[in-house]
Amino acid sequence: MKNSSDGADIAVALGLGGTVRIGGNALAVSDLTVMFEAIGRTGSVQGFADALGLSYRAAWARLQAYEAALGRPLVRKTRGHGTALTEFGTALAEAFSAAAFGLEAGFVRETRAVEQRLRRLLTGRAGALTLAASHDPLVIEVLSEGGGIDLSVMGSSAAVERLLDGSADVAGFHCGTRASAAAGPPFSAVGAGAGLTLHPLFEREQGLLLAPGNPRGINGVADLTKDGVRYVNRQKGSGTRDWFDRMLVEADLQPGAIQGYAVEEFTHQAVAAVIACGAADAGLGVRAAAERLGLDFVTLGWETYYLAASRALDAPVLDALIAAIRERAGRSSGYRAARSD
């Protein structure tokens, strides 16, 4: 049997809900919001009636019930100007509007997750997921082998922000040697408290990518200030750049002391390529990028790479991606299994 939903557009609308309770009276926030919006837009109780499909008399009775429960008048009639909200009504409407605005990004994100889930339940099919992710060679490699996920590569901060504001279904990011909860905004906003699930994918080895044979004798961050050493940086907002800047602070080194600090590339592979072609002597990146282009490598530490998504998102394609990446990481140089955050 063909379900009527098979060919239909699927859309979900989430909004501000809950109740306002005063004494023994409880009012639905959504009902009040509809009333405030309709009267503010139309300047009439009839507009409120039309919004709910009620008669004028039924809408007026409902409005009077709201006022009785709140103990304050919500509207006033003005000759020649219809119906307007009172000062109290306006203030309450603004409070609900401000709350909805503050929750808007979460509504958008969760709407995407529910629509994805509902579409699969009704049709057996799911649309492609959007993944905003920091660059990693292994992640790119696994994604290139399967479909169902649209990837946009960007810095870790931007990826997390896109997840939080609802413009991506999944974010891939890293925070250097710090756990996400201790990494500060926006990373600290990712977690169960925000309705999100955090998946530690793997740990990867980061360090200095160096010209073959390390002719400059670079053994650590401090050596990047040597005369003639040319550095190639990652772009602002990337997790690797943030980690490098923290290392400079810890070593009491000024960015201006590093030749090439302002030269930026957007992926680990691009940094490795600049060094491989002789245009730079060093850059911070993953071991995998160094090995692919035959570069020397000085390890500086291990960091966790994460995927985060809404807890409401039920997507087999994401589960399959996580399993495939973890399996690949377990047998790849420069990677190892992640520990819980």
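Everything in this summary refers to the structure shown in the same document. (Residues numbered from 1 in each chain as written. Predicted model: local features only at pLDDT ≥ 70, side-chain atom pairs only at ≥ 80, totals over all residues. Heavy atoms only, no water.)

1. Some thoughts on the overall build of the protein
Here is step 1: When its secondary structure is counted, the protein shows ten helices and 13 strands.
Here is step 2: Scaling as 2.2 N^0.38, a compact globule of 341 residues should have a C-alpha radius of gyration of about 20 Å, whereas the protein reaches 27 Å, well beyond that.
Here is step 3: For the protein, the spread of C-alpha atoms along the principal axes amounts to about 85 × 55 × 35 Å.
Here is step 4: Buried positions account for 43% of the 341 residues belonging to the protein.
Here is step 5: Counting only contacts in the protein whose residues sit at least 6 apart along the sequence, the fraction spanning at least 24 positions is 69%. (Helix = DSSP H or I, 4+ residues; strand = E, 2+ residues; numbered from the N terminus. Rg over C-alpha atoms; globule rule 2.2 N^0.38 Å. Buried < 20%, exposed > 50% of the residue type's maximum accessible area, 1.4 Å probe, protein only. Contact = heavy atoms within 4.5 Å.)

2. What to know about the environment of alanine 211
Here is step 1: Residue position: alanine 211 is located in the loop between β8 (196-210) and β9 (233-234).
Here is step 2: Judged by relative accessible area, which is 13%, alanine 211 ranks as buried.
Here is step 3: In contact with alanine 211, other than residues within four places in its own chain, are Ile275, Asp281 and Asp296.

3. A few points about the nonpolar core
Here is step 1: Core analysis: the largest hydrophobic core is formed by 37 residues, its most contacted members being Phe202, Leu209, Leu307, Leu318 and Leu321.
Here is step 2: Counting only elements with at least two residues in this core, the list comes to β5 (129-133), α5 (137-143), β8, α8 (268-276), α9 (287-292), β12 (296-310) and α10 (316-329).
Here is step 3: Membership of the second largest hydrophobic core comes to 21 residues, among which are Ala38, Leu74, Val75 and Leu92. (Core = buried A, V, L, I, M, F, W, Y, C linked by side-chain atoms within 4.5 Å.)

4. Details of helix α6 (residues 156-164)
Here is step 1: Every buried residue of α6 is listed here: Ser156, Ser157, Ala159, Val160, Leu163 and Leu164. The arc that holds the buried residues of α6, viewed along the axis, is 165 degrees, so those residues lie on one side.
Here is step 2: Looking at the buried positions of α6, the neighbouring elements they touch are α4 (87-123), β5, β7 (170-174), β8, α7 (239-250) and β12.
Here is step 3: After α6 finishes, the residue glycine 166 shows a positive phi value of roughly 85 degrees. (Arc of directions from axis to C-beta.)

5. Observations regarding helix α2 (residues 45-52)
Here is step 1: The set of residues buried in α2 consists of Val45, Gly47, Phe48 and Ala49.
Here is step 2: Against the buried residues of α2 lie α1 (29-42), α3 (56-70), β3 (75-78) and β4 (82-85).
Here is step 3: Two residues or fewer past α2, glycine 53 is found with a positive phi of approximately 70 degrees.

6. Looking at the packing of α2 against α3
Here is step 1: Where α2 meets α3, the closest approach of the two axes is 8 Å, and the angle between their N-to-C directions is 105 degrees. Judged on the interaxial angle alone, α3 and α2 are roughly perpendicular. Two secondary-structure elements touch here, α2 through Val45, Gln46, Phe48, Ala49 and Leu52 and α3 through Tyr56, Ala59, Trp60, Arg62, Leu63 and Tyr66.
Here is step 2: Here the contact of α2 with α3 is composed, by residue class, of nine nonpolar, one polar and one charged. (Axes fitted to C-alpha atoms, helices over the stretch in contact; angles between N-to-C directions. Parallel < 35°, antiparallel > 145°, perpendicular 65-115°, else oblique. Nonpolar A, V, L, I, M, F, W, Y, C, P; charged D, E, K, R; others polar.)

7. Here's the deal with the packing of α1 against α2
Here is step 1: Where α1 contacts α2, the two axes come as close as 8 Å, and the packing angle between them is 130 degrees. One way to sum up the angle between α1 and α2 is to call them oblique. Between α1 and α2 lies a crossing of right-handed hand. Facing α1, whose interface residues are Val34, Met35, Ala38, Ile39 and Thr42, α2 presents Gly47, Phe48, Ala51 and Leu52.
Here is step 2: Each residue belonging to the contact of α1 with α2 can be placed in one class, and the counts come to seven nonpolar, two polar and no charged. (Left-handed = near helix turned anticlockwise from the far one by under 90°.)

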